[in-house]
Amino acid sequence: MKIAVAGAGSIGCYCGALLASAGHDVTLLGRARVLEAIRAQGLTVTDFSGLRRTVPAAQLTLAENPLGLSGSDLVLVTVKSGATAEMATLIAVHAPAAAPVVSWQNGLGNARTLRASLPGRDVRAGMVPFNVVPTEQATFHRATSGEIVMESGPGSIGTQLNTSELPISESDQIEAVQWGKLVINLNNALNALSGLTLQNQLLDRNWRRLMADQMTEALRVLKRAEIDIVPATPAPAWVMPHILRLPTPVFSRIASKMLTIDPSARTSMAYDLMAGRATEIDDLQGEIIKLGHEQGIPTPINSRVSDLIHQARPEPFAVSQIIL
């Protein structure tokens, strides 16, 4: 397939490299500072299992101009949520009307935003469970496990894209899958505030308890709203807060069977906060806060965490500073 990756950030570059390695014709649409490094040395991706692939620049089309969207058989949207509306406008002008548009982004609102700007087109939601971080110029590392899920539709796109290095499946319950991921992703902000690696944060029972309390608050809201959840982990969503509250030795044994995390991994929000960039807090905690307001259920923990992220203070917090 001729695939345009609309957003050559960490997720876009990682997935684009593996799709190109699998034989697809991949265009990376992104900023000059990212693409120039790829032009100079190719695109390298690694992961927690020891995978290392370098895709030569000649095997990719590197585009800073939205004309790179033209002629695509498929558009994968991987920009941050705040850039979705702008990208949708570019897709409407430059991408073929017959090309499916698939959102591989955090949160639930991106597919809605794309559909609003692309009426009549095949727009599908998706869920990327793992995090990817830049390690060197033109090098991106996948630090956690999980398989991509995308909305079912004509053409069996997931089957066409699926490889052993980039497992992809389709689901006709994609919104429930996205809610399951969002509940887990509520920890992105806690990780950012903690200043710790994910591994060290999850080995700290105080942080896990806070994560469990925040998750319980969210699950209470979702239950009241009668929203179905497909959990992002092997354990049911309602069990996860109980697992998080267990003593660390017990938690570690259970967690090792559900998720693989690099010792150095941090969430993308942690990197955004350290760099002073806009975060996706409104697409994570913000969704729970909004839904809680609609359902008449207070969300004090999610609201407090959201407020602290919006203050954009780069110094780490202690748990006691978050819940006063």
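Only a predicted model underlies this, so the values are computations on that prediction, with no experimental measurement involved.

> Can you tell me about the nonpolar core, naming the residues and giving the values?
Counting 46 residues, the largest nonpolar core has Trp179, Leu182, Met215, Ile243, Met269, Ile288 and Ile309 as the members making the most contacts within it. Here the element with the most residues in this core is helix H9 (residues 205–224); it accounts for 9 residues. Aside from chain neighbours lying at most four places away, what touches Trp179 is Leu108, Leu222, Ile227, Asp228, Ile229, Glu287, Ile288 and Leu291. Membership of the second largest hydrophobic core comes to 38 residues, among which are Ile3, Phe130, Ile148 and Met150.

> Describe the environment of Arg31, and please don't skip the residues or the numbers.
The residue Arg31 is located in the loop between strand S2 (25–29) and helix H2 (32–41) in this model. The spatial distance from the C-alpha of Arg31 to the C-alpha of Asn65 is 9.1 Å, given a sequence separation of 34 residues.

> I'd love a proper account of the side chain of Arg142, names of residues and values included.
Checked against the element boundaries, Arg142 lands in strand S11 (residues 139–142). The side chain of Arg142 is buried and forms no salt bridge, while Asp47, the nearest opposite charge, is found at 5.2 Å. Polar contacts involving the side chain of Arg142 include one to the main-chain carbonyl oxygen of Gly146, which spans 2.5 Å. Beyond its immediate sequence surroundings of up to four residues, Arg142 is in contact with Tyr14, Thr46, Asp47, Phe48, Phe130, Asn131, Val132, Glu165 and Asp262.

> Any chance you could break down the sheet that holds strand S9 (residues 126–127) for me, citing the residues and the numbers?
Read from one edge to the other, the open sheet built from 3 strands follows the order S9-S12-S13, with strand pairing classed as mixed. Every other strand in the sheet has two partners, leaving S9 and strand S13 (168–171) as the edge strands with one partner each. The pairing of strand S12 (residues 148–151) with S13 spans 4 bridges and is classified as parallel. Pairing of Ile148 across the sheet is with Ile168, part of S13.

> Break down the sheet that holds strand S4 (residues 52–55) for me, with residues and values.
As summarised here, the arrangement of the 4 strands in space is S4-S3-S11-S10, forming an open sheet in which the pairing is mixed. The strands lining the two open edges of the sheet, one partner per strand, are S4 and strand S10 (132–136). For this sheet, the mean inter-axis angle between neighbouring strands, taken without regard to orientation, is 25°. Of the strand pairs in this sheet, S10 and S11 are connected by 4 bridges, and their pairing is antiparallel. Considered in S11, the bridge of Val132 is made with Arg142. Contacting strand S3 (43–47), S4, S10 and S11, helix H1 (residues 10–21) runs over the sheet at an angle of about 100° to S3.

> How would you sum up the packing of aromatic side chains? Please name residues and give values.
Note on aromatic pairs: each is described by the distance of the centres and the angle between the planes. Summed over all chains, the structure comprises 1 aromatic pair. Between the aromatic rings of Tyr14 and Phe130, the centroid separation amounts to 5.8 Å while the plane-to-plane angle is 65°, which identifies the pairing as edge-to-face. With a gap of 116 residues between them, Tyr14 in helix H1 and Phe130 in the loop between S9 and S10 connect regions that are remote in the sequence. An identical accessibility class is assigned to Tyr14 and Phe130; each is buried.

> Quick one: what's the story with the packing of helix H7 (residues 187–194) against helix H12 (residues 268–275), residue by residue and with numbers?
In the contact formed by H7 and H12, the axes pass within 7 Å of each other and the chain directions differ by 45°. The angle between H7 and H12 falls in the class oblique. As for the relative orientation of H7 and H12, their crossing is right-handed in sense. Together, Asn188, Ala189, Asn191 and Ala192 of H7 and Met269, Ala270 and Leu273 of H12 make up the contact between the two elements. Taken together, the residues that form the contact of H7 with H12 break down as 5 nonpolar, 2 polar and no charged.

> Go over H12, please, and point to the residues and values.
Of the residues making up H12, those classed as buried are Met269, Ala270, Asp272 and Leu273. Angularly, the buried residues of H12 cover 165° about the axis, an arc narrow enough to put them on a single face. Gly276 sits one or two positions beyond H12 and adopts a positive phi of about 75°.

> Lay out the packing of H7 against helix H14 (residues 300–310) in plain terms, naming residues and giving numbers.
At a minimum axis separation of 10 Å, H7 and H14 run at an interaxial angle of 50°. One element, H7, and the other, H14, form an angle in the oblique class. Both H7 and H14 take part in a crossing whose hand is left-handed. Between H7 and H14, the residues in contact are Ala189, Leu190, Ala192 and Leu193 and Val305, Leu308 and Ile309, respectively. A breakdown of the residues in the contact of H7 with H14 according to their chemical character gives 7 nonpolar, no polar and no charged.

Reading guide: rules and limits
- Residues numbered from 1 in each chain as written.
- Predicted model: local features only at pLDDT ≥ 70, side-chain atom pairs only at ≥ 80, totals over all residues.
- Heavy atoms only, no water.
- Core = buried A, V, L, I, M, F, W, Y, C linked by side-chain atoms within 4.5 Å.
- Buried < 20%, exposed > 50% of the residue type's maximum accessible area, 1.4 Å probe, protein only.
- Helix = DSSP H or I, 4+ residues; strand = E, 2+ residues; numbered from the N terminus.
- Contact = heavy atoms within 4.5 Å.
- Lys, Arg positive; Asp, Glu negative; His and termini not counted.
- Salt bridge = Lys/Arg side-chain N within 4 Å of Asp/Glu carboxyl O.
- Polar contact = N/O pair within 3.5 Å; in protein donor to acceptor, adjacent residues only side chain to side chain.
- Pairing = 2+ DSSP bridges.
- Axes fitted to C-alpha atoms, helices over the stretch in contact; angles between N-to-C directions.
- Phe/Tyr/Trp six-rings, centres within 6.5 Å; stacked < 30°, edge-to-face > 60°.
- Parallel < 35°, antiparallel > 145°, perpendicular 65-115°, else oblique.
- Left-handed = near helix turned anticlockwise from the far one by under 90°.
- Nonpolar A, V, L, I, M, F, W, Y, C, P; charged D, E, K, R; others polar.
- Arc of directions from axis to C-beta.

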